[in-house]
Each structure stands twice: as C-alpha cells, then as structure tokens.
Amino acid sequence: MSHPDTDLLGSLSAEHSRRLKEHMDQALLEFIRPNSASLFAQHAPELAKFRETIAHSDSKDDNEFLRSFREFVPTTDYEPYRPYIAKFFATHCNESDVKNLFAPGLPYCLAVSSMTSGKSAKTFPIYRPAPHMLHHPLYLSLPHSEGSALSPSSLGLWQALEMYYEDGRSSKMLPVCSVTVGFLRMQMNWHVEQDKDRIDLWVPGKTDPYAISLVKSYRAFFILNALFALADRRVTIIRFLFASVFVNFLQYIEDEWPLLIDCIEKGIIPDMENMDHVRESLEVIFASIVTFHSAHDFSQKHFTPNPLRAAELREIGPPGMQGWAVRVWPDLKKFTGITGGPSAASVPKARQVTHVLGPSVAMQAPCYGSSECYIAIPYFNGDPNTDFKVVPVDGVTEYLDVHSNEPSERVLSAWELVAGGHYEPVLTTRNGLWRYRIGDVVTVKGFAPDDGLPVINYLHRRDGSLELAYGSTCTESQLTNAIVSASTRWIGQITDFTIVADDRDTPVTYGYLVEIGGEIGKDAKLAIQQTYEDLMKNNEFRVAFWQGRARKPTIRVVERGTFTEYRRQKCDKTNISMGQVKVPIVLSDATFIEWLLQRVVAEL
C-alpha cells in the first residue's frame, strides 16, 4: 500500500527545542529519581561520581539532579549489571536480596535476549508499568480487533525462578521469557503459579489455544498454529515479529496443505512429535474463553469437523497466488512484522509477503526496541515499515554520534541531533538501566512536527560487520543490499541467507550462504560480480582489494529447508520463544557454521 509523503521537520526551531527538552527532562526525572534509590544505583562503581555529586548538592533541585546525571553517569554495557542479575538465579533466591534491585519493588519477569550473535543469553528485569500504560501502543503487541489475530507466540517460559521469604516460605515465581511474551502475560494478568490451570484455555483474541504454547517441537508448533488459523475465517490481523518467520509459516502450510485440509474436514489433531502432553487439551470438549481478569466455561470443542471450511480452502489452494491471504481470511486488514533492518536479510521476503497478502492489507512494523527497552513506535505519517518515532515511555533515549571524531564519545540529547546523522541509541530505562548502549545504528530522518521527537530508521548493528583478516569492514546494510541486488537481477528469490568468513583461499572473504525459493536464475554465476561491485562502494573494502588484501565474495547455495531447520535447532538449543528466532546476517557461532557448510549443494 502507498504511504503518505513525510511531514517531518528537517531541523528544530528554538521553540521546538525548548519544548522537547522540557518533555525529555520530565521523562528522565520520572525514571532516574525512583531508580536512584535502587541497590544497583546505590552500590555500582559506575555510578559512584553521580552518587557523590548528589550527596553534596541539593538533591531536590531537578535541574541539579539532571546536570549531575548528564555530567557524571557514564555509558554502560551489560557487565556492571551481570552480578546483580545473577542474584535472581541463586540456588535459594531470597526476596529481600532482589527487591528494589534496579527499580522499586520486584520485577514481573526477566526478559531473555534473542542471542542472534551466538553469544550467551542476557536477561533483564521487567517491572510492571502503571496499569494505564499497559495499553500504550508501545507495549500493546495485539491491538483490539473485532475478529481474530493470527500471532503465533509461545507463551510458555524459558524457566520459572522461585523466590523465598526470610523464613523459607515460597514468595512468588518469577517467569523468564521473551519481553514480548512477558508483556502479553502481564496484560492478561497471568501468574506462573496458575499456568497449569490454563492448558484448556483459549488465548484472548487469538486463533490459537494456550496449549500450543507448550509444544516444544518447532515443526509441530507452526503446523498446529496453521491448523487453527486456517480453520478460523475471522482473522483480521496477522502479526509475526519477523516477516521471515511468516514466510517460514507459509512454507509449512504449503508443504502440509493436504494434511491441514483433511484435519479441518474431520476435526482431528494430526499426529506429530512431542505433543502427547497437549493432545487431550486440544481435543477437549469444554473450552474456556478468557478475558483479562476472569474465565468462563464455554460449551464448545476446541476443534470440530468443518467440511464446509475444508471445501472452501481446497478451492482456494495453498499459498502462491497474489492476495491468497485475503481469500483465506476475507476480513484481513493488517499485517505487522519486521521487514526492514536485519530481517530484510531479504527484501525479497517483503515482496513475497506483499504478494501473498495482496494490495488491500496494510503492512507495518511492530515497535522498535529490544529486550532492554521499547524505544519507538511506527510513524504513520511516513512509512510505518521503516520509520519510527522515538517516545520516552519505557526509557529515555540519548545518542552517540558514530561518525564523531571526538576522542571520547559525547552523549547527545534528542534536541542536539541532526537530520541525516548516524547515531547509536543509549538508554536510561524504567527498568533500571543507566545510559545503556544497545549497539544499534540508526539514522535520524527528521523530527515530528507536533512535538519535535526524532523519527528514525534502523540501519544496522554497530558491531554487526564481519571484520576480516584484511581489516575491511562492511556494515550489515551494505552486505544485505549487495546480495539483495544480486538476487533481484541474477539469482532468483532468496528466502534466507547468512554470511560467514570464507577462508578456503587467501585472503579471507565474505562467504554468502543462501537458500533459494523456486528455480535458480540461469545466469546466477553473474551474481558474484554484481555483489563484488556493490561491496566495492565501501572505501575500506575497495582499498583492501587493490592492495591484494581482499578478494571477491563467494556465494554458496544450501539445500531447501536449511534455515527452517536452523531456527528449530536454535529454539531447541536456547529454549527461546519460537517467534523470536532470527537468522543473523553475520554468523559467528562455529557449531552452526560447520552445520550450514555441510548443507551446501552448489556454489555460484
């Protein structure tokens, strides 16, 4: 669908700057005043100068408090927080040891990072916001709809941590899960202690019953979600965190089409691996429909024979035709999923999604953020797939200029940004992080005319390049654009790819591993030259090449289904939410690299 021309300001007037500074100062105070009393803020060495300054000044003076923050709080990474977060994972975790640890009270859950880089998981405490804030667009992953939402997400937990009172009695269970699942459970007021009673319940407003969340098999999880979604004609919203996972979902539907239609016709659940523990619940006679605060028995089978729906689907056929999704779900209005940034690891995916949805379905990205903090919401006066308005709701965002020549990086406030500049976001959050660097690089597209807040586009990871032996560094964006361009012109539809260091010859070079959907182009071998020419636009690569320290990239094709299997193995290995798994643009995990290379079937 077309998007309106942008209404963004290219720069801020004095009045806009003044109002924006007042807005950001007030938001920052609302986070750092209560969090300054936390155990972390009172004891972390990184905040020692800040504590000392506050102790020797009028701490009730807001301007002085903000000045002390901006002058004496350094940027931080995960390491200062690690020993404090470890307290939650102690063999016997006393509530008193973790209460007020980063923010007032106890967290609702611990959010697990997606571990895309292959590094060990990071966890971050998530505290309940004020009740009215839970329905802010920043947190509300599934807005209210008159119909159903197709949004596969495993509401199961990575683990549940038990906390104890001083006398040894159990205090509460703390869920460990993805941040999206954490907020969804929070909005439904779910507590871990009652999870076992929910196995027969339907997730409010969604096509899938809760029991599917307990399925650990990647294949079974998506086939069951496909089964219940296809059986439900009332779908109005499709939401996948990554559009690439939706493409994966469509592949399962195509591969299992006869099975799915047969099950809908007969009202049966298919036999699949690792789902015996939920089969009875999925077939149970009495289902329960849940509201946010209550549950009611409802005399309805979870899955009943529906020959009319099966006949309708048979006539439509599996995914392939333009607008297939609207034929299957006539009331479908919106698709939400990341099609830009790292997930554009193949822009062809976005085209495939658009083709399946058809022109009548609006597409937008979910909010921009991370396990650490939700940062920005889609900006609908621009392109809601790539434009994000930074809002100080879950945290206040400051910035580092990634092209600055200053010897020490100066932290910039929102009103100091320049349109077109490239910046790394630095977060001070409601959940107790202080000037935390997330390692992303964004560009400022402009400023919203109503309040002056920055509107940004995500570019790439600051540390996401593959710095090879010759020292040439191409960014994720450059590496992605090069293969997308070659795909469009020569290779055919790339459904997934990643990049590894190809050291089979010297010097080492960028080794693309790609999966092709459909037939490979007859002149695919020309893709190497195309990719090489695009990478030569990077000054460092070009200099290294002419000095004999670099060579042309390589492109190898892996067998079909490789990246689906990668996601399944990643889920099994890390136990993270299935919808949260993404394929990294640059892969560093040696075990997975070796496994992928074993699945190479051709080289261009």
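Numbers given for residues are sequential positions, taken from 1 along each chain in its written order. Per-residue local features are limited, in this predicted model, to residues with pLDDT of at least 70; the limit for side-chain atom pairs, both in listing and counting, is 80 or more; totals at the level of whole chains, interfaces and linings are taken over all residues. Each side-chain value is derived from all of the structure's non-hydrogen atoms; neither hydrogens nor water enter the calculation.

*Asks:* Which residues make up the overall build of the protein chain, and what values do they have?
*Replies:* The helix and strand inventory of the protein chain stands at 19 helices and 25 strands. The buried label goes to any residue with under 20% of its type's maximum accessible area, the exposed label to any with over 50%, and the partly exposed label to all in between, with areas taken from a 1.4 Å probe on protein chains only. Taken across its 604 residues, the protein chain has 56% of its residues classed as buried. Any two residues having at least one pair of non-hydrogen atoms within 4.5 Å are treated as being in contact. Within the protein chain, contacts between residues at least 6 apart in sequence are counted, and of these 68% link residues at least 24 apart. Surface accessibility follows the Shrake-Rupley procedure with a 1.4 Å probe radius. Residue values consider only the protein chains on display as shielding. Carbon and sulfur atoms form 52% of the exposed surface of the protein chain, whose accessible area is close to 25300 Å². The helix and strand labels rest on DSSP assignments: H or I over at least four residues marks a helix, E over at least two residues marks a strand, and numbering proceeds from the N terminus.

*Asks:* For the packing of helix 3 (residues 48-55) against helix 4 (residues 62-72), give the residues involved together with the corresponding values.
*Replies:* Across the interface, helix 3 lies against helix 4 with an axial gap of 9 Å and an inter-helix angle of 155 degrees. One way to sum up the angle between helix 3 and helix 4 is to call them roughly antiparallel. Relative to helix 4, the crossing made by helix 3 is right-handed. For the pair helix 3 and helix 4, the contacting residues are Lys 49, Phe 50, Thr 53 and Ile 54 in the first and Phe 65, Arg 67, Ser 68, Phe 69 and Phe 72 in the second. Gly falls in the polar group here, along with every residue not listed as nonpolar (Ala, Val, Leu, Ile, Met, Phe, Trp, Tyr, Cys, Pro) or charged (Asp, Glu, Lys, Arg). Partitioned by chemical class, the residues of the contact of helix 3 with helix 4 number five nonpolar, two polar and two charged. Geometry is summarised by axes, namely lines fitted to C-alpha atoms with helices restricted to the contacting stretch, and by angles between N-to-C directions that run from 0 to 180 degrees. Angles below 35 degrees are treated as roughly parallel, those above 145 as roughly antiparallel, those between 65 and 115 as roughly perpendicular, and all remaining angles as oblique. When the near helix sits turned anticlockwise from the far one by under a right angle, the crossing is termed left-handed; a clockwise turn instead gives a right-handed crossing.

*Asks:* Which residues make up the pairing of strand 5 (residues 159-164), and what are the values?
*Replies:* If a strand is regular, its side chains alternate between the two faces of the sheet. Pairing between strands requires that DSSP locate at least two bridges from one strand to the other. Where strand 1 (residues 93-94) meets strand 5, two bridges bridge the pair, whose relative direction is parallel. From the neighbouring strand, Asn 94 faces strand 5, where its bridge partner is Tyr 164. Both strand 5 and strand 6 (residues 170-177) contribute to a ladder of six bridges, which runs antiparallel. Residue pairing for strand 6: Tyr 164 is matched across the bridge by Ser 170. Count of turn residues in the strand 5/strand 6 antiparallel hairpin: five residues, of which Gly 168 carries a positive phi of about 95 degrees.

*Asks:* Mind laying out the environment of Val 112, listing which residues take part and the relevant values?
*Replies:* You can see Val 112 is positioned in strand 2 (residues 109-112). Residue classification places Val 112 among the buried residues on the basis of a relative accessible area of 2%. Val 112 sits 65 residues away from Cys 177 along the chain, and the two C-alpha atoms are 5.7 Å apart.

*Asks:* Describe the side chain of Glu 95, with residues and values.
*Replies:* Along the polypeptide, Glu 95 turns up in helix 6 (residues 95-98). We score Asp and Glu as negative and Lys and Arg as positive, and we do not count His or the chain ends. Salt bridges are defined as contacts in which a side-chain nitrogen from Lys or Arg sits within 4 Å of a carboxyl oxygen from Asp or Glu. Here Glu 95 is buried and forms no salt bridge, its nearest opposite-charge partner Lys 99 lying at an N-O distance of 4.4 Å. The residues touching Glu 95, leaving out its near neighbours within four places in the chain, are Leu 106, Tyr 164, Tyr 165 and Ser 171.

*Asks:* Explain the sheet that holds strand 24 (residues 554-558) residue by residue, including any values.
*Replies:* Sheet architecture is open: four strands sit in the order 22-23-24-25, paired in mixed fashion. Each edge of the sheet is formed by a strand with only one pairing partner; in this case those strands are strand 22 (493-502) and strand 25 (600-603). Between one strand and the next, the sheet's axes are offset by a mean angle of 30 degrees, whatever the strand orientation. Two elements, strand 24 and strand 25, share three bridges in a ladder whose sense is antiparallel. Following the sheet pairing, Val 557 is matched in strand 25 by Ala 602.

*Asks:* Describe unusual backbone geometry, listing the residues and the values that go with them.
*Replies:* Its identity as a non-glycine residue notwithstanding, Asn 189 has a phi of 60 degrees, on the positive side. Within the fold, Asn 189 resides in the loop between helix 7 (179-187) and strand 7 (201-202). Not every positive phi belongs to a glycine, and Arg 435 is a case in point at roughly 45 degrees. Its location among the elements puts Arg 435 in the loop between strand 18 (422-429) and strand 19 (436-437).

*Asks:* Outline the environment of Tyr 218, listing residues and values.
*Replies:* Along the chain, Tyr 218 falls in helix 8 (residues 218-231). Taking relative accessible area as the criterion, Tyr 218 reaches 1% and is therefore assigned buried. In sequence terms Tyr 218 and Gln 569 are 351 residues apart; their C-alpha atoms lie 8.4 Å from each other.

*Asks:* Outline the confidence of the model for the protein chain, listing residues and values.
*Replies:* Mean pLDDT over the protein chain stands at 83; residues scoring 70 or higher make up 88%. Confidence scores labelled pLDDT are given residue by residue by the predictor and lie between 0 and 100. Every residue in residues 285-301 scores below 50 in pLDDT, and together they form 32 contacts with partners more than four places removed in sequence or on other chains. Long-range and interchain partners of residues 342-347, a stretch whose pLDDT sits below 50, account for 20 contacts in this model, where long-range means more than four residues apart.

*Asks:* Requested: an account of the pairing of strand 21 (residues 454-461), with residues and values cited.
*Replies:* Of all eight residues in strand 21, six are buried; the element is thus mostly enclosed. Pairing of strand 20 (residues 440-447) with strand 21 involves seven bridges; the strand directions are antiparallel. Note that in strand 21 the partner of Val 441 across the bridge is His 460. In this antiparallel pair of consecutive strands, strand 20 and strand 21, the connection spans six residues, and Gly 452 shows a positive phi of 80 degrees.

*Asks:* Lay out the environment of Asp 61 with the relevant residues and their values.
*Replies:* Tracing the backbone shows Asp 61 in the loop between helix 3 and helix 4. Here a polar contact is recorded for every N or O atom pair within 3.5 Å, except that within protein the pair must consist of a potential hydrogen donor and a potential acceptor, and residues adjacent in sequence are included only if both atoms are side-chain atoms. Of the polar contacts made by the side chain of Asp 61, one reaches the backbone nitrogen of Asn 63; its length is 3.0 Å.

*Asks:* An account of the packing of helix 1 (residues 14-35) against helix 4 is needed here, citing residue identities and associated values.
*Replies:* Where helix 1 contacts helix 4, the two axes come as close as 11 Å, and the packing angle between them is 80 degrees. What the angle tells us is that helix 1 and helix 4 run roughly perpendicular. Side by side, helix 1 and helix 4 meet where Asp 25, Leu 28, Leu 29, Ile 32 and Arg 33 of the first sit next to Asp 62, Phe 65, Leu 66, Phe 69 and Arg 70 of the second.

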